[in-house]
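Structure assessment
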Amino acid sequence: MKVLVIGSGGREHALVWKIARSEHLSALHAAPGSKAIGRLATCHPDVKANDLERIVALAQQESIDLVVVGPEDPLVAGLSDRLREVGVATFGPSAAAAQLEGSKAFSKAFMARHGIPTAAYEDFDDAAAAHAYVDGLGRPCVVKADGLAAGKGVAMCADAEAAHTAIDEMMADKRFGAAGDRVVIEEWLKGEEASYYAICDGERIVTLAAAQDHKRALDGDQGENTGGMGAYSPAPVVSEAVEKKILERVVHPTIHGMKADGHPYQGVLFVGLMIDEAGDPAVIEFNVRFGDPETQPLMVRMEGDLLPILDAAARGTLDPSTALGWGEAAVCIVLASGGYPRSYETGKAISGLGALEGNDGLVVFHAGTSGSAGGDDFATAGGRVLGITARGADVAEARARAYAAVEGVSFEGMHLRRDIADRALGR
Ligand code: AMP
Ligand code: GLY
């Protein structure tokens with residue numbers, strides 16, 4: 001099978017790393033890819049992830065059998081539809097189905113219609129009405145920009161004043177552009193977060209596993225929201241009983257509901273959940289692609305061959321009895337540039353990577369690096385730079401291995417959290 005992976009970050013490096021090990025693979029391409037991905041795949045650096053026309057042309061030119069789309073933007077823009085129109089099998093939902101992530105108002109209305117548990121909410125495209133609603137609410141709430149805002153369009157508001165400020169930033173100041181023309185205001189849920197993944201072919205699913213990321217920049221969940229500073233899998237909060245509820249109340253109704261509504265969901269469904277004290281799940285958000293960094297521990301944990309499952313999902317021939325096989329645990333520590341998620345410098349030489357090569361059960365995924373592809377010769381090129389990902393017999397062992405590996409790696413301004421997976425150990 002000839003495969004093309006779209007994207008360039010740590011998630012895509014992890015997908016490429018996993019797909020490269022498949023016995024069904026004959027050629028692996030990435031667009032745009034990265035220097036690190038270039039060790040495993042033929043990269044096309046001029047073909048950007050949002051350039052739908054050039055991706056379609058590349059897929060045809062290289063006679064690609066399957067395109068695997070990493071990020072959400074091209075999915076929301078209709079990349080899968082375009083590729084399918086020209087007969088290229090594609091792993092990733094249609095633009096219509098990608099609205100589950102692309103529009104919070106869409107996903108909230110969908111959940112309400114199909115009885116899927118989620119925070120109570122109202123949505124507004126009129127700022128005065130949003131302000132009036134907040135005045136009448138009298139309790140903490142969460143204000144969300146409707147459209148895509150790279151994970152930043154969410155304001156946790158302890159009181160009405162904070163909510164008024166958030167509404168102003170989104171609707172009047174247009175901090176997130178058109179994404180904030182409409183806002184969703186919802187109940188602030190309490191509990192423990194986890195994310196759950198299922199691969200879907202429009203009708204059937206193969207479940208992956210639960211994972212948990214750490215969104216805040218600093219230890220103890222302090223500081224600003226980031227794309228994710230680390231992740232681990234499994235997530236102990238998702239016990240067998242909780243997983244059963246997630247499947248019965250959320251995943252299956254979502255897949256049936258999307259089909260019934262005329263937008264069969266095909267791709268990976270990534271559900272962000274709040275699990276309350278009784279172990280009952282509520283949906284915080286849907287994502288229509290793999291999580292980053294969660295995909296890094298998921299790929300390192302997964303024993304089975306992912307590629308035939310992605311292909312079957314794309315073709316509508318998924319066998320729900322497929323068992324992927326999971327190693328015990330994996331933990332990913334993100335090394336970020338100083339200043340991330342705000343402004344940061346790039347071009348800092350990274351040392352210590354060569355020594356980690358050939359280290360069994362440890363994989364260094366590159367989220368934002370540049371430089372020549374040999375040995376230690378990488379420099380920083382993004383906010384999140386590396387994902388040091390280790391496998392272990394349990395989360396504690398994987399965590400210890402990942403942090404031991406981190407000790408040898410450095411670059412100017414390097415920033416990391418020291419408490420990744422602590423919550424899993426404290427249980
Ligand atoms: P989202 O982009 O919708 O996933 O929101 C980002 C983060 O904000 C989530 O991972 C949660 O930590 C938090 N969050 C969003 N909505 C809620 C909610 N209704 N209750 C509590 N926390 C929330
Ligand atoms: N790590 C969260 C996300 O990928 O959205």
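Our subject is the structure listed above.
Residues numbered from 1 in each chain as written. Chains lettered and ligands numbered in written order. Predicted model: local features only at pLDDT ≥ 70, side-chain atom pairs only at ≥ 80, totals over all residues. Heavy atoms only, no water.

**Some words on the sheet that holds strand 19 (residues 362-366)**
In plain terms, the rule: At least two DSSP bridges between two strands are needed for those strands to be called paired. Elements are defined by DSSP. Helices are runs of H or I of four residues or more, strands are runs of E of two residues or more, and each kind is numbered from the N terminus. Every axis in this analysis is a line fitted to C-alpha atoms, fitted for helices over the stretch in contact. Angles between the N-to-C directions lie between 0 and 180 degrees. Residue contacts are defined here by distance: any two heavy atoms, one from each residue, within 4.5 Å place the two residues in contact.
If you trace the eight strands from one edge of the open sheet to the other, you get 16-15-10-11-14-17-22-19, paired in antiparallel fashion. Every other strand in the sheet has two partners, leaving strand 16 (281-287) and strand 19 as the edge strands with one partner each. Ignoring strand direction, the axes of neighbouring strands in this sheet form an average angle of 25°. Pairing between strand 11 (residues 205-213) and strand 14 (residues 230-233): two bridges, direction antiparallel. Bridging across to strand 14, Asp213 finds its partner in Ala231. The strands that helix 9 (residues 240-260) touches are strand 10 (192-201), strand 11, strand 15 (266-275) and strand 16; relative to strand 15, the one it contacts most, it runs at about 130°. Contacts from helix 11 (residues 307-315) reach strand 10 and strand 15, with the element oriented near 65° to strand 10.

**Re the sheet that holds strand 5 (residues 89-91)**
Ordered in space as 3-2-1-4-5, the five strands form an open sheet in which the pairing is parallel. Sheet topology places strand 3 (42-43) and strand 5 at the edges, where each strand pairs with a single neighbour. One ladder, built from three bridges, connects strand 4 (residues 66-69) with strand 5; its direction is parallel. Paired with Leu66 across the strands is Ala89, a residue of strand 5. Sheet contacts for helix 1 (residues 10-19): strand 1 (2-7), strand 2 (27-32) and strand 4; angle to strand 1, the most-contacted strand, approximately 165°. Together, strand 1, strand 2 and strand 4 form the strand contacts of helix 2 (residues 52-61), whose direction differs from that of strand 1 by roughly 165°.

**Focus: the packing of aromatic side chains**
We apply this condition: Classification of ring pairs uses Phe, Tyr and Trp, with its six-membered ring standing for Trp, and accepts pairs whose centres are within 6.5 Å; under 30 degrees between planes counts as stacked, over 60 as edge-to-face, and the remaining range as tilted. Note on classification: 1.4 Å probe, protein chains only; a residue is buried when its accessible area is under 20% of the maximum for its type, exposed when over 50%, partly exposed between these limits.
By the definition in use, this model includes six aromatic pairs. With a centroid separation of 6.3 Å and an interplanar angle of 25°, the aromatic rings of Phe91 and Phe290 are classed as stacked. Remark: Phe290 occurs in the loop between strand 16 and helix 10 (295-301) and Phe91 occurs in strand 5; sequence separation between them is 199 residues. Grouping residues by exposure puts Phe91 and Phe290 together as buried.

**Looking at the pairing of strand 11**
With respect to burial, strand 11 is a largely interior element, eight of its nine residues being buried. Judged from the five bridges that link them, strand 10 and strand 11 form a sheet pairing that is antiparallel. Residue pairing for strand 11: Ala198 is matched across the bridge by Thr207.

**Quick notes on the site of ligand 1**
Note the threshold: Near, as used in this document, describes a residue that has one of its heavy atoms within 4 Å of the molecule or strand being considered. Pairing of N or O atoms within 3.5 Å defines a polar contact, subject to two protein rules: one partner must be a possible hydrogen donor and the other a possible acceptor, and residues neighboring in sequence count only if both atoms are side-chain atoms. Only the protein chains shown count as cover for residues, with accessible areas throughout obtained via the Shrake-Rupley method and a probe of 1.4 Å. Classes in brief: Ala, Val, Leu, Ile, Met, Phe, Trp, Tyr, Cys and Pro nonpolar; Asp, Glu, Lys and Arg charged; the others, Gly included, polar.
Taken together, 15 residues lie near ligand 1, and Glu186, Glu187, Leu189, Glu193 and Glu285 sit nearest. Contact between ligand 1 and Leu189: a nitrogen atom at 2.8 Å from a main-chain N or O atom of the residue. Interatomic distance of 3.1 Å between a side-chain N/O atom of Lys215 and an oxygen atom of ligand 1. When ligand 1 is considered free in solution it has 480 Å² of accessible area, and contact with the protein chains removes 93% of it. Of all the elements in the fold, those that place two or more residues in the shell around ligand 1 are strand 7 (141-145), strand 8 (154-157), strand 9 (183-187) and strand 16. Split by residue class, the shell around ligand 1 holds eight nonpolar, no polar and seven charged.

**Quick look at the site of ligand 2**
Around ligand 2, the neighbouring residues are Asp213, Gly227, Phe270, Arg289, Gly291, Asp292, Pro293 and Glu294. One of the side-chain N or O atoms of Asp213 is found 2.7 Å from a nitrogen atom in ligand 2. Between ligand 2 and the protein, one listed contact pairs an oxygen atom with a side-chain N or O atom of Arg289 at 2.9 Å. Burial of ligand 2 by the protein chains amounts to 88% of its free accessible area of 200 Å². Partitioning the shell around ligand 2 into residue classes produces two nonpolar, two polar and four charged.

**Side note on the environment of Gly202**
Tracing the backbone shows Gly202 in the loop between strand 10 and strand 11. Taking relative accessible area as the criterion, Gly202 reaches 7% and is therefore assigned buried. For Gly202 and Met258, which are 56 residues apart along the polypeptide, the C-alpha to C-alpha distance reads 8.1 Å. Among residues more than four places away in sequence, those in contact with Gly202 are Ile255, Lys259, Pro264, Tyr265 and Gln266.

**Concerning the pairing of strand 15**
Here strand 15 lies mainly inside the structure; 10 of its 10 residues are buried. Strand direction decides the pairing type here: strand 15 and strand 16, joined by six bridges, are antiparallel. Of the residues in strand 16, the one forming a bridge with Val271 is Phe286. Remark: five residues form the turn of the hairpin made by strand 15 and strand 16, two consecutive strands paired antiparallel; Gly279 in that turn has positive phi of roughly 80°.

**With respect to the side chain of Ser22**
For Ser22, the position within the fold is in the loop between helix 1 and strand 2. Among the polar contacts listed, one links the side chain of Ser22 to the backbone nitrogen of His24, at a separation of 3.0 Å. Only 2.8 Å separates the side chain of Ser22 from the side chain of Asp305, close enough to count as a polar contact. Ignoring any residue separated from it by four or fewer positions in sequence, one finds Ser22 in contact with Asp305, Leu307 and Pro308.

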